[in-house]
Amino acid sequence: MNDRYKKNNKKFRRGSGIKPKGVRTTPTQQQTFISQPVTEENLLYVKYNTRLTPQQLNEEKSRGGLTSIKHTTKRTDLIPSAANVVIVEGGDIRRFEQDPNVIFVEPVPIDTEDQDDPLYYGGDNASQTNIRVTLSHEDALEEFGFGSYYPTIGQIEGQWRYEHPDISNVTQLNETISTPYHAASHALAVASVMVSDSNNGIGMMGLCPNCSLAFVNTWAIGVSLPESLEIHLEQGTKVVNYSVGSSNYSQTHQDAINDAYNNGLLIVRGAGNSNIDVNQTFYSCNYDNVLCVGANNQYNYDSSCTGQVPGPCDNIDVTAYQSMTAAPGSSVGAGSCMDLYGNDVDAWGDECWYRGNTGTSFSAPVVTGLIGLLLSHNPDLTPSQMYEIVTSTNIHPASGQRPGMIDFYEALSYMYDNYLEPSEPLPGDMNQDGDINVQDVMIIINLILTGMSPEEIAQQYPEADLSNNGGVDVIDVVIIVDNILNNPTTSSRDRQELQKQLDRLGGGTQRGGNVGRNTQRNRKFRRRRR
């Protein structure tokens, strides 16, 4: 564990937990997030006379000081024109032009589109730029992607009226009553920070793109906090945003919060807007087992804070920027009103869909959105682990007696370093695409034909040693071919290609025909995804 991350203090019961195994999800495994166009200075196509082996790829990377080099295609049969083409990053185009083994080299053209969620980048009166840049939300998405999972995060609030063009993934879990739309504007604003639709060409971006929202209404219908938490636990919710507060202590609430925490649910609450010292005066975010979020430069503060980051103070745990939010659309009356594309509009007109906002009600959902993003990558996180990750990576100093602001990139990095362990390579999966197929056979055969000793190949590519005898040779090829042919889903074209590959090694035709007859085991070689 990195020593620069400070351990959390006080009031959270710490469980060691078991680190779940997983594979880091890159943006190419899920919905890709691109903020800047990639120019010809970044990436090059290089076409060689023959397809490079894994060893040759490594040699080219070392020789040219490349940032990365990889084949453009996994297979050679579907897009044969690209079979010998690689993509390199950080290379000198002149070096490749002078290489006699290179047919041609050219920049990679990347088509870009206009900004998808306009307010993520800018607007006439407000935007998400501070969160995108300073809190590293954009960097986190570019490095880690949206995640492989689609968690439901929770909200406890006064009232929900679902009528916004940029929010389509909210489910109310209990009854509602008829009330004017403006009475629900606070709930709408809080929800928009976490789960506004992403990449839809309008408005803002939800900070957890894969998240949906489960909403519990408490507006004048006698729904208590214990009942609200129970409803969320029944739905399997693991984090709940609660952007309301009180200065009155309740033992019933503390006990209910403890129960929810022990059953896997973490509550995120705003620190309050009364400009009081919560280290001296009780506020609802002082409850144990609650993650308390302050604004970065105003409102309630905590006199126990020393300014040291990262780490929590005694009562306020982290801070965040107060996010801009969605608005009801009409008769809002806010001076910072914007339309669906970030243009300034009449505050009393019918196009006020967004506005700037202030208060810890709108910094708390920034943190809840972060936790949702963590759960999008690792749904097995416990409340204590969520708390540890967030309070160990709030590296940006805040103003006054307040803890540091969170950082999305650092939090995901910390989570991957401490609570996800890479899976062991799947035996035979030479290109690490999660499948055992013809391409893997070709790579192993190419390695054998390079003249490397069986022991050298096994040392550099242990996943190729299917026989577990310390060397890679024809026996390993026969094992992998046997497994592929015994899979009924293997296509006739792939079967023919396998035969050709066996012929390359000599004497493989008869063996290939024999193993092709045995199709009873139906062994499908796919990486187990968590």
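Residues numbered from 1 in each chain as written. Predicted model: local features only at pLDDT ≥ 70, side-chain atom pairs only at ≥ 80, totals over all residues. Heavy atoms only, no water.

**Student:** Where do I start with the sheet that holds strand S8 (residues 239-242) in this structure?
**Tutor:** The pairing of strands in a sheet happens through backbone hydrogen bonds and is either parallel or antiparallel. An order of S6-S7-S5-S8-S9-S10-S11 is seen for the seven strands of this open sheet, with the pairing classed as parallel. Each edge of the sheet is formed by a strand with only one pairing partner; in this case those strands are strand S6 (170-172) and strand S11 (318-320). Strand-to-strand twist in this sheet, taken as the mean axis angle between neighbours without regard to direction, amounts to 30 degrees. Where strand S5 (residues 152-157) lies against strand S7 (residues 212-217), six bridges are found, and the strand directions are parallel. Residue Gly 154 lies in a different strand from S7, and its bridge partner there is Ala 214. Contacts between helix H7 (residues 225-235) and the sheet are confined to S5, S7, S8 and strand S9 (266-270), with S5 contributing the most and set at about 165 degrees to the helix. (Pairing = 2+ DSSP bridges. Helix = DSSP H or I, 4+ residues; strand = E, 2+ residues; numbered from the N terminus. Axes fitted to C-alpha atoms, helices over the stretch in contact; angles between N-to-C directions. Contact = heavy atoms within 4.5 Å.)

**Student:** Would you take a moment to explain the side chain of Asp 465 for this structure?
**Tutor:** Relative to the helices and strands, Asp 465 is located in the loop between helix H13 (454-460) and helix H14 (474-485). By relative accessible area, Asp 465 is classed as buried at 11%. Looking at Asp 465, its side chain comes within polar contact range of the main-chain nitrogen of Gly 470, at 2.9 Å. Among all residues touching Asp 465, those that are not within four sequence positions of it are Ala 458, Gly 470, Gly 471, Val 472 and Asp 476. (Buried < 20%, exposed > 50% of the residue type's maximum accessible area, 1.4 Å probe, protein only. Polar contact = N/O pair within 3.5 Å; in protein donor to acceptor, adjacent residues only side chain to side chain.)

**Student:** Can you help me understand the pattern of salt bridges in this one?
**Tutor:** It is possible for side chains of opposite charge to pair when their charged atoms get near one another. Under the criterion given, the structure shown has three salt bridges. Glu 60 is paired through a salt bridge with Arg 63; the nearest N and O atoms lie 2.3 Å apart. Placement of the pair is Glu 60 and Arg 63 together in helix H1 (residues 54-64), with a separation of three residues, close to one helical turn. For Glu 60, a relative accessible area of 7% translates into the label buried. (Salt bridge = Lys/Arg side-chain N within 4 Å of Asp/Glu carboxyl O.)

**Student:** It is not clear to me how H14 should be interpreted in this structure. Could you clarify?
**Tutor:** Since one α-helical turn is 3.6 residues long, residues separated by three or four positions face the same way. Taking 1.5 Å as the rise per residue, H14 with 12 residues should run 16 Å; its terminal C-alpha atoms sit 16 Å apart, in good agreement. Burial analysis of H14 places nine of its 12 residues in the buried class, the great majority of the element. Those residues of H14 not exposed but buried are Asp 476, Val 477, Val 478, Ile 480, Val 481, Asp 482, Asn 483, Ile 484 and Leu 485. Residue Asp 473 occupies the N-cap position of H14, its side-chain oxygen lying 3.1 Å from the main-chain nitrogen of Ile 475. (Expected span 1.5 Å × (residues − 1).)

**Student:** Mind showing me how you'd approach H1 here?
**Tutor:** Of all the positions in H1, only Pro 54, Gln 55, Leu 57 and Glu 60 are classed as buried. Its buried side turned inward, H1 meets strand S1 (43-48), strand S2 (68-71), strand S3 (85-89), helix H2 (93-97), helix H12 (438-449) and H13. Count one or two residues on from H1 and you reach Gly 65, which has phi positive near 60 degrees.

**Student:** What's the story with the confidence of the model for the chain in this structure? I'm lost.
**Tutor:** Fine structural detail should not be taken from predicted coordinates in areas where pLDDT scores are low. Within the chain, residue pLDDT values average 81, and 83% of them lie at 70 or more. Here residues 110-115 scores under 50 on pLDDT; set against residues more than four positions off or in separate chains, the count is three contacts. Here residues 508-530 scores under 50 on pLDDT; set against residues more than four positions off or in separate chains, the count is 54 contacts. (pLDDT = per-residue confidence, 0-100.)

**Student:** Before we go on, may I ask you to explain the packing of helix H9 (residues 364-377) against helix H11 (residues 408-419) in this structure?
**Tutor:** When two helices pack together, their arrangement is given by the angle between the helix axes and the distance between those axes. Between H9 and H11, the least distance of the axes is 10 Å, while the angle of their chain directions is 35 degrees. Here H9 runs over H11; the crossing is right-handed. Touching Val 366, Gly 369, Leu 370, Leu 373, Leu 374 and His 377 of H9 are Phe 408, Ala 411, Leu 412, Met 415 and Tyr 416, all from H11. Residues that form the contact of H9 with H11 fall into these classes: nine nonpolar, two polar and no charged. (Left-handed = near helix turned anticlockwise from the far one by under 90°. Nonpolar A, V, L, I, M, F, W, Y, C, P; charged D, E, K, R; others polar.)

**Student:** Please explain the packing of aromatic side chains as it appears in this structure.
**Tutor:** Note on aromatic pairs: each is described by the distance of the centres and the angle between the planes. The full count for this structure, using the stated rule, is six aromatic pairs. With a centroid separation of 5.3 Å and an interplanar angle of 90 degrees, the aromatic rings of Tyr 120 and Tyr 121 are classed as edge-to-face. For Tyr 121, a relative accessible area of 19% translates into the label buried. On the basis of an interplanar angle of 10 degrees and a centroid distance of 5.2 Å, the ring pair of Phe 144 and Tyr 416 is categorised as stacked. Taken as a pair, Phe 144 in helix H5 (residues 137-144) and Tyr 416 in helix H11 lie far apart in primary sequence, 272 residues in all. Residue classification places Phe 144 among the buried residues on the basis of a relative accessible area of 1%. Taken together, the aromatic side chains of Phe 144, Tyr 409 and Tyr 416 make up a single cluster linked through ring pairs. Over the face of the ring belonging to Phe 96 we find Arg 95, whose NZ or CZ atom lies 4.5 Å from the ring centre. (Phe/Tyr/Trp six-rings, centres within 6.5 Å; stacked < 30°, edge-to-face > 60°. Lys NZ or Arg CZ within 6 Å of the ring centre and 35° of its normal.)

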